[in-house]
Amino acid sequence: EASRRGGMRLARRGSPLLAASLVRLMAGPSAHAAPSPVRAMFAYGTLRGDYSEDGDRWGVIKSTKAAWEPAVARGFKLYQEEGLFYPFAVYTGDESDVLQGTLLTWPGGADDADRAMGMIDRIEGFDETSPETGLYRRAVVQAEAKSGAEAAYVYHQVHPAKHLDACRAFPRGDWLAPSPSKAEI
């Protein structure tokens, strides 16, 4: 089942449209695919709208006039390698694994969104023509916000379990939340 928001078909959990999005996640975007109708981004780290009083670390929100609101994305776990200033998400496919972050949208239209996505691709080391070779991969998720669910890109990494064991995990999926005590984990 799907609904319409802003002219875009949105998937509901358990729907064929969401399943197709997850297939695209696993397969990765194709360099020969038609331009994507996705004009939003789910941010869980340094690109979050609530990263600082000024927005994201990189100035993307301010320079592209993005709007943002708190949101969640399901099916991913959040980690951070020791010594790095940013986190990374790993796809699990488990609906109980939730990322906390912000949904970024561009009310100014497709040109603003495309310019912003180009900036974000460069920050994340993502190349549409070679999607499997950069630091991050890009997938489509349903970002759930108070205003509703919206198809959005999320950037994620692929790592073996052994690598993840050496990383800090964020069980609540929120990089900016205070660290829980060991008794809470």
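Residues numbered from 1 in each chain as written. Predicted model: local features only at pLDDT ≥ 70, side-chain atom pairs only at ≥ 80, totals over all residues. Heavy atoms only, no water.

J.: Mind showing me how you'd approach the side chain of Asp97 here?
T.: Looking at the element boundaries, Asp97 is found in the loop between strand S6 (88-91) and strand S7 (98-105). Side chain to side chain, Asp97 and Thr92 meet in a polar contact 2.7 Å long. Every residue in contact with Asp97, bar those within four places of it in the chain, is listed here: Ala73, Arg74, Gly75, Phe76, Lys77 and Thr92. (Helix = DSSP H or I, 4+ residues; strand = E, 2+ residues; numbered from the N terminus. Polar contact = N/O pair within 3.5 Å; in protein donor to acceptor, adjacent residues only side chain to side chain. Contact = heavy atoms within 4.5 Å.)

J.: Explanation requested: the sheet that holds strand S5 (residues 76-80) in the structure shown.
T.: Neighbouring strands of a sheet are bound in pairs by backbone hydrogen bonds; such pairs are parallel or else antiparallel. Taking strand neighbours across the sheet as the criterion, the three strands line up as S6-S5-S10 in an open arrangement whose pairing is antiparallel. Sheet topology places S6 and strand S10 (168-170) at the edges, where each strand pairs with a single neighbour. For this sheet, the mean angle separating the axes of adjacent strands, direction not counted, is 35°. (Pairing = 2+ DSSP bridges. Axes fitted to C-alpha atoms, helices over the stretch in contact; angles between N-to-C directions.)

J.: Teacher, can you tell me more about the pairing of strand S8 (residues 137-145) here?
T.: Looking along a regular strand, one sees side chains alternate from face to face of the sheet. Of all the nine residues making up S8, seven are buried; the element is thus mostly covered by neighbouring parts of the structure. In terms of strand pairing, strand S4 (residues 67-74) meets S8 through two bridges, oriented antiparallel. Within S8, the residue paired with Val72 across the bridge is Glu144. With nine bridges connecting them, S8 and strand S9 (residues 148-156) associate as antiparallel partners. Bridge pairing links Ala143 to Glu150 in S9. Taking the residues that link successive antiparallel strands as the turn, the S8-S9 hairpin has two residues. (Buried < 20%, exposed > 50% of the residue type's maximum accessible area, 1.4 Å probe, protein only.)

J.: Would you take a moment to explain the pairing of S4 for this structure?
T.: Here S4 runs beside S7; their pairing, made up of eight bridges, is antiparallel. Within S7, the position partnered with Ala73 by the bridge is Leu99.

J.: For this particular structure, what's the right way to read the packing of aromatic side chains?
T.: In the structure shown here, the tally under the stated rule is six aromatic pairs. Between Tyr51 and Trp175, the aromatic rings sit 6.2 Å apart at their centres with planes inclined by 10°, giving stacked as the arrangement. You can see Tyr51 sitting in the loop between strand S3 (40-43) and helix H2 (60-64) and its partner Trp175 sitting in the segment after S10, a full 124 residues away along the chain. Trp175 sits in the buried class, given a relative accessible area of 14%. Where Tyr79 meets Phe88, the ring centres are 5.8 Å apart and the plane angle is 25°; that geometry is what we call stacked. Residue classification places Tyr79 among the buried residues on the basis of a relative accessible area of 10%. An aromatic cluster of three or more residues is present, and its members are Trp58, Phe85 and Tyr86. Just above the ring of Trp58 sits the side chain of Arg57; from NZ or CZ to the centre is 5.2 Å. (Phe/Tyr/Trp six-rings, centres within 6.5 Å; stacked < 30°, edge-to-face > 60°. Lys NZ or Arg CZ within 6 Å of the ring centre and 35° of its normal.)

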